[in-house]
Amino acid sequence: MASFKHKNAKRIEGLDKNVWVAFTSVAADPSIVNLGQGLPDLPPPSYVKEGLAKAASVDRLNQYTRGFGHPTLVKALSEVYGRVYGRQIDPFKEVLVTVGGYGSLFSIMQGLVEEGDEVIIIEPFFDCYEPMVRMAGAKPVFIPLRLKAEGGATISSADFVLDPDELASKFNSRTKGIIINTPNNPIGKIFTKEELQVIADLCIKHDTLCFSDEVYEWLVYSGHKHVKIATLPGMWERTVTIGSAGKTFSVTGWKLGWSIGPEHLIKHLQTVHQNSLYTCPTPLQEAVAQGFLHNFSLMDDPECYFYSLPRELQGKRDRMAKFLQAAGMRPVLPEGGYFMIVDVSGLKKDLSDMEGVEPYDYKFVKWMIKEKKLAAIPITAFCGAESTKQFEKYIRLCFIKNDSTLDAAEAILKDWNKDLSV
């Protein structure tokens, strides 16, 4: 092929690799038990599916709706979150509906972050944070969660903490914002009010914005509580919070999310949205709105889906932790979300003969998919280069799965354990 002068834009230089593209295609073989991607195989609530069918049968709901969010949906969001925040939320000025949490984060970065700014990212982080910061022309500044103690057969996600002094050292005059993710993907850590207050104090001291990814906000297990950093004193006016219908109602394929925050920030996200995506599918927004309205009336009832789903998942979480531990791995019990990371170093699997210079977790997952027909995701995909050694002994597994899927995974691990004992 003749030389072609048109190259990629500099803003996407080095961002072509993607863990989901790499491992989702490898795990597509139906003979492989896929615990990698966060893909629920539990059914969504029937009333949400029925709401979509009903919406699609109404002719006007098959046409464009308001660009910044279908009126029924933004009003429902303002009701539910008005209660959660303990403040009145303007549905038309303080809410933006986007194409998933991705769309929310993209609008944040393009609307609020300047070239030359710095954005603090807590490791491990959802992998799109870094490229989105870089595409905005900003510099990602990483700080890892560190494990307090190594002892014990099991670890809690609460054992991973930030060093307050190290965190403070990351803030300077160029810091535009910090991205927090609570409950965290992949660890499942829920930041306590005290931990959030440390972050809030630094944001206020340095006049820094906070971008709070809370898509797993309802998936909180017993004994733990999710606190929104935007509810802390002085933080509403500097925080944009990201939510997700896919995570709330187990409809990840619908790709609907939202940003909630003060008008003086949300209006800039709206500018990005109106000049890129413009609007989101009307029937999907209507169905999600009806799902929220249904559960809004049940928020004092334990049968509310916001509470019943985590009760169901807690049993799956505990079951997975038990069979991983029985196989010789060390699970990190998550406080929230539907992922579990697990330390595989105890298996002492030598992969030095595998080609390439990839971190150990990448090699381990590729080996496990090929040899054991079990798919996971390597944790160093969620880290900067400097933290690779800290996290490369971990892989991530998803437990929002049918019992039959977990049965198949357990069977693989039991056979694997037999092989190790021979």
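Quick note: structure is the one above.
Here's what I pulled together on the structure shown here. As the structure is a computational prediction, the values presented were derived from the model and not from experiment.

### With respect to the overall build of the protein chain
Looking only at helices and strands, the protein chain features 14 helices and 16 strands. Taken over the C-alpha trace, the protein chain has a radius of gyration of 22 Å; the compact-globule value for 422 residues is 22 Å, and the two agree within 12%. Seen through its C-alpha atoms, the protein chain measures out along the principal axes to roughly 65 × 60 × 50 Å. Counting all 422 residues of the protein chain, 55% fall into the buried class. Element-wise, carbon and sulfur atoms account for 52% of the exposed surface of the protein chain, whose accessible area totals about 18600 Å².

### Looking at the pairing of strand 13 (residues 339-343)
Among the 5 residues that make up strand 13, 5 are buried, leaving the element largely enclosed by the rest of the structure. Burial along strand 13 is two-sided: Phe-339, Ile-341 and Asp-343 facing one way and Met-340 and Val-342 facing the other are all buried. Of the pairings in the sheet, the one linking strand 12 (residues 330-333) to strand 13 comprises 3 bridges and is antiparallel in character. Across the sheet, the residue bridging to Pro-331 is Val-342, located in strand 13. Across 5 bridges, the pairing between strand 13 and strand 16 (residues 394-398) is antiparallel. The residue of strand 16 that forms the bridge with Ile-341 is Arg-396.

### Some points on the sheet that holds strand 16
Sheet architecture is open: 5 strands sit in the order 6-12-13-16-15, paired in mixed fashion. Looking along the sheet, the strands with just one partner apiece sit at the ends: strand 6 (155-156) and strand 15 (377-378).

### Some details on the pattern of salt bridges
Scanning the entire structure with this criterion turns up 19 salt bridges. The salt bridge involving Asp-117 is made with Lys-176; its shortest N-O contact spans 3.0 Å. Residue Asp-117 is located in the loop between helix 4 (100-112) and strand 3 (118-123), and its partner Lys-176 is located in strand 8 (residues 175-181); the two are separated by 59 residues in the primary sequence. Given a relative accessible area of 13%, Asp-117 falls into the buried group.

### Here's the deal with the nonpolar core
Nonpolar side chains tend to gather and get buried jointly when the protein is soluble and globular. Core analysis: the largest hydrophobic core is formed by 132 residues, its most contacted members being Tyr-81, Met-109, Phe-160, Ile-178 and Phe-292. The element contributing the most residues to this core is helix 11 (residues 305-326), with 8 residues. Sequence-distant contacts of Ile-178, that is, excluding residues within four places in its chain, are made with Ile-120, Ile-122, Leu-167, Phe-171, Ile-199, Cys-203, Thr-208, Leu-209, Cys-210 and Phe-211.

### Quick notes on the packing of aromatic side chains
Under the defined criterion, the tally for this structure stands at 24 aromatic pairs. Each ring, one from Tyr-81 and one from Tyr-85, has its centre 6.4 Å from the other, and the planes form 65°; the classification is edge-to-face. Separated by 4 residues within a single helix, Tyr-81 and Tyr-85 lie in helix 3 (residues 71-85), roughly one turn from each other. Here Tyr-81 and Tyr-85 have matching classes, each one buried. Geometrically, the ring pair formed by Tyr-360 and Phe-364 is tilted, given 6.1 Å between the ring centres and 35° between the ring planes. Linking Tyr-360 with Phe-364, this pair stays in helix 12 (residues 360-372), spanning 4 residues, or about one helical turn. When its relative accessible area of 23% is taken as the criterion, Tyr-360 is described as partly exposed.

Rules used throughout
- Residues numbered from 1 in each chain as written.
- Predicted model: local features only at pLDDT ≥ 70, side-chain atom pairs only at ≥ 80, totals over all residues.
- Heavy atoms only, no water.
- Helix = DSSP H or I, 4+ residues; strand = E, 2+ residues; numbered from the N terminus.
- Rg over C-alpha atoms; globule rule 2.2 N^0.38 Å.
- Buried < 20%, exposed > 50% of the residue type's maximum accessible area, 1.4 Å probe, protein only.
- Areas by Shrake-Rupley, 256 points an atom, 1.4 Å probe, with all protein chains shown as cover.
- Pairing = 2+ DSSP bridges.
- Salt bridge = Lys/Arg side-chain N within 4 Å of Asp/Glu carboxyl O.
- Core = buried A, V, L, I, M, F, W, Y, C linked by side-chain atoms within 4.5 Å.
- Contact = heavy atoms within 4.5 Å.
- Phe/Tyr/Trp six-rings, centres within 6.5 Å; stacked < 30°, edge-to-face > 60°.

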